[in-house]
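So you can see what is in the structure, the chains are spelled out below.
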Amino acid sequence: MANQVTRTHVASIRNHQQVCDDLDSLGFAASKLWNVARWTCDRIWDETGTIPNDGVLKAYLKNHERYADLNAQSSQAILEELVEAFDSWYTLRGNGDENANPPGYRKHGDEHPRSTVTFKEDGFKHDSDHNQIRLSKGRNLKDGRQDFILCEYDADPDVAIKNVQQVRTVWTDTEWELHIVCNVEIDDPDPPGDRVAGIDLGICNFAAVAVGDDALLYPGGALKEDEYYFQKERAKCDDSDSQKARRLDRKRDERRTHFFHAVSKDIVAECAARNVGKIAVGDLTGIREDADWGDHGNLDLHGWAFDRFTEMLEYKAAEHGISVERVDERDTSTSCASCGTTEGSHRVERGLYVCEECGLVANAEVNGAENIRQKVLPTLACDGGDRDNGWMAQPAVRLFDKSTGRVAPQEQVRRKS
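Residues numbered from 1 in each chain as written. Predicted model: local features only at pLDDT ≥ 70, side-chain atom pairs only at ≥ 80, totals over all residues. Heavy atoms only, no water.

Trainee: Looking at this structure, how should I read the packing of aromatic side chains?
Mentor: Describing an aromatic ring pair means giving the distance of the ring centres and the angle of the ring planes. Evaluation of the coordinates by the stated rule reveals ten aromatic pairs. Their ring planes at 75 degrees and their centres at 6.2 Å tell us that Phe 86 and Trp 89 sit as a pair that is edge-to-face. Taken together, the residues span about one helical turn, with Phe 86 and Trp 89 both in helix H3 (residues 72-94) at a distance of three residues. Relative to Phe 260, the ring of Phe 206 lies with its centre 5.5 Å away and its plane at 20 degrees, an arrangement referred to as stacked. Note that Phe 206 is positioned in strand E9 (residues 205-210) and Phe 260 in helix H5 (residues 243-273), a separation of 54 residues in sequence. An aromatic cluster of three or more residues is present, and its members are Phe 206, Phe 259, Phe 260, Phe 306, Phe 309 and Phe 400. (Phe/Tyr/Trp six-rings, centres within 6.5 Å; stacked < 30°, edge-to-face > 60°. Helix = DSSP H or I, 4+ residues; strand = E, 2+ residues; numbered from the N terminus.)

Trainee: Where do I start with the nonpolar core in this structure?
Mentor: Soluble globular proteins tend to pack their nonpolar side chains together in the buried interior. The biggest cluster of nonpolar side chains holds 40 residues, and the ones touching the most others in it are Leu 57, Leu 70, Ile 133, Leu 135, Val 167, Leu 178 and Ile 180. For this core, the leading source of residues is helix H1 (residues 16-48), giving eleven residues. Residue contacts for Ile 133: discarding those within four places in its chain leaves Phe 124, Lys 125, His 126, Ile 149, Leu 150, Cys 151, Tyr 153, Val 167, Leu 178 and Ile 180. Ile 203, Phe 260, Val 281 and Leu 313 belong to the second-largest nonpolar core, a separate cluster that totals 32 residues. (Core = buried A, V, L, I, M, F, W, Y, C linked by side-chain atoms within 4.5 Å. Buried < 20%, exposed > 50% of the residue type's maximum accessible area, 1.4 Å probe, protein only. Contact = heavy atoms within 4.5 Å.)

Trainee: Can you help me understand a negative patch on the surface in this one?
Mentor: On the surface, Glu 185, Asp 187, Asp 188 and Asp 190 cluster together to form a negatively charged patch. Assignment of secondary structure puts Asp 187 in strand E7 (residues 176-187). (Patch = residues over 30% accessible without salt bridge, like charges linked within 9 Å, V, L, I, M, F, W, Y side chains within 5 Å. Areas by Shrake-Rupley, 256 points an atom, 1.4 Å probe, with all protein chains shown as cover. Salt bridge = Lys/Arg side-chain N within 4 Å of Asp/Glu carboxyl O. Lys, Arg positive; Asp, Glu negative; His and termini not counted. Charge placed at Lys NZ, Arg CZ, Asp CG, Glu CD.)

Trainee: I'm lost on the sheet that holds strand E12 (residues 323-328) in this one. Help?
Mentor: Strands belonging to one sheet form pairs held by backbone hydrogen bonds; the direction of such a pair is parallel or antiparallel. Strand order in the open sheet formed by seven strands is E12-E11-E8-E9-E10-E15-E16, and the pairing between neighbours is mixed. One side of each edge strand has no neighbouring strand; the edge strands of this open sheet are E12 and strand E16 (406-409). Mean inter-strand twist for the sheet, computed between neighbouring axes without regard to direction, equals 25 degrees. The sheet contact formed by strand E11 (residues 276-283) and E12 spans six bridges and is parallel. Considered in E12, the bridge of Asp 283 is made with Asp 328. (Pairing = 2+ DSSP bridges. Axes fitted to C-alpha atoms, helices over the stretch in contact; angles between N-to-C directions.)

Trainee: I would appreciate a short explanation of the pattern of salt bridges in the present structure.
Mentor: A side chain with one charge can pair with a side chain of the opposite charge if their charged atoms come near. Using the criterion set out here, one finds 30 salt bridges in the structure. The network of salt bridges with common partners includes Asp 214, Asp 266, Glu 270, Arg 274 and Arg 398.

Trainee: Before we go on, may I ask you to explain the environment of Asp 156 in this structure?
Mentor: Assignment of secondary structure puts Asp 156 in the loop between strand E5 (148-154) and strand E6 (164-171). Look at Asp 156 and you get partly exposed, because its relative accessible area is 40%. Spatially, the C-alpha atom of Asp 156 lies 8.2 Å from that of Val 10, the residues being 146 residues apart in sequence.

Pasting the structure below:
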């Protein structure tokens, strides 16, 4: 049996010089529509005290002249993106970030920046034999019914671009590129074994993995350094929606995404090597009580970022036949994984958990990961500490190596640096 997964491939445009002006026109049109929608949100807010959802916004603007500058589905994607940005801002403010700003207008003086344009099924045609994608223009920008943009692209030669579901044109500050979203069929392999692993996600230690007699720790130092750097650089921008600010946001997102990919890939490989057939991962909702980056850092990373990481873990694990189950994290940081006693004072330091009841001494995150693992093992009885739990105190540390962009054992990374 085969599974359907989504993959996004980045492709360069061979005939960039021929299509650049047309792509510019669409990018500028997307910014103009965003600004019209942003103004409309302000008006609705003033009248009703609420931000409209995307359905209301589409109904308001479907007959606006700017709406017809793009293919209808592309215009809808712009409005959906704006509403999502408002939702994110509202969530941040609700979580206490008083410095969070609502989405701004896309304008630099009298100039509009080139915005990303999304083309859904009605907005493109893909010719896999000739590596060409035909992109639709909006009615207002067409010279005739047959007027379209034909992009010839180059992608990774080892990747077959097929079953294309969506195409995005993305301006990189120097040129346009295509982000091609495909549905890919992968075989449904047998699981490597019947063991279960538990994962606790956090900040200082981004992930702790417990397998029952072995543990791995993935520090978040590299991610934390990036967050501090980009927050500091962004604070220097006079305009939060300036080209420099958006470039910093994009670069931070790219680095964060790469970190997530590297860590999730390594976790899956290590679990497969240990005959793990199921991974239980803590389901993080809201703000973690034990975060330590300060309010702004916590709010910036939490929520969607952990969901994004878990999604990567899920599809990478599926390729190895490993299932992933999200479980409630309630009490996993305060309960003893050995005897089950729940007492907040047991966590005596950030990285240390000591149980006064059974004498367990463990890495705090590993203790949490083991509790998460046990949540999907309902027949597992707490044994009062008789089981050997020494492995919980000394997990193997695996670091993100910035020089290679991969994860490796701590001793290898430190020896290189």
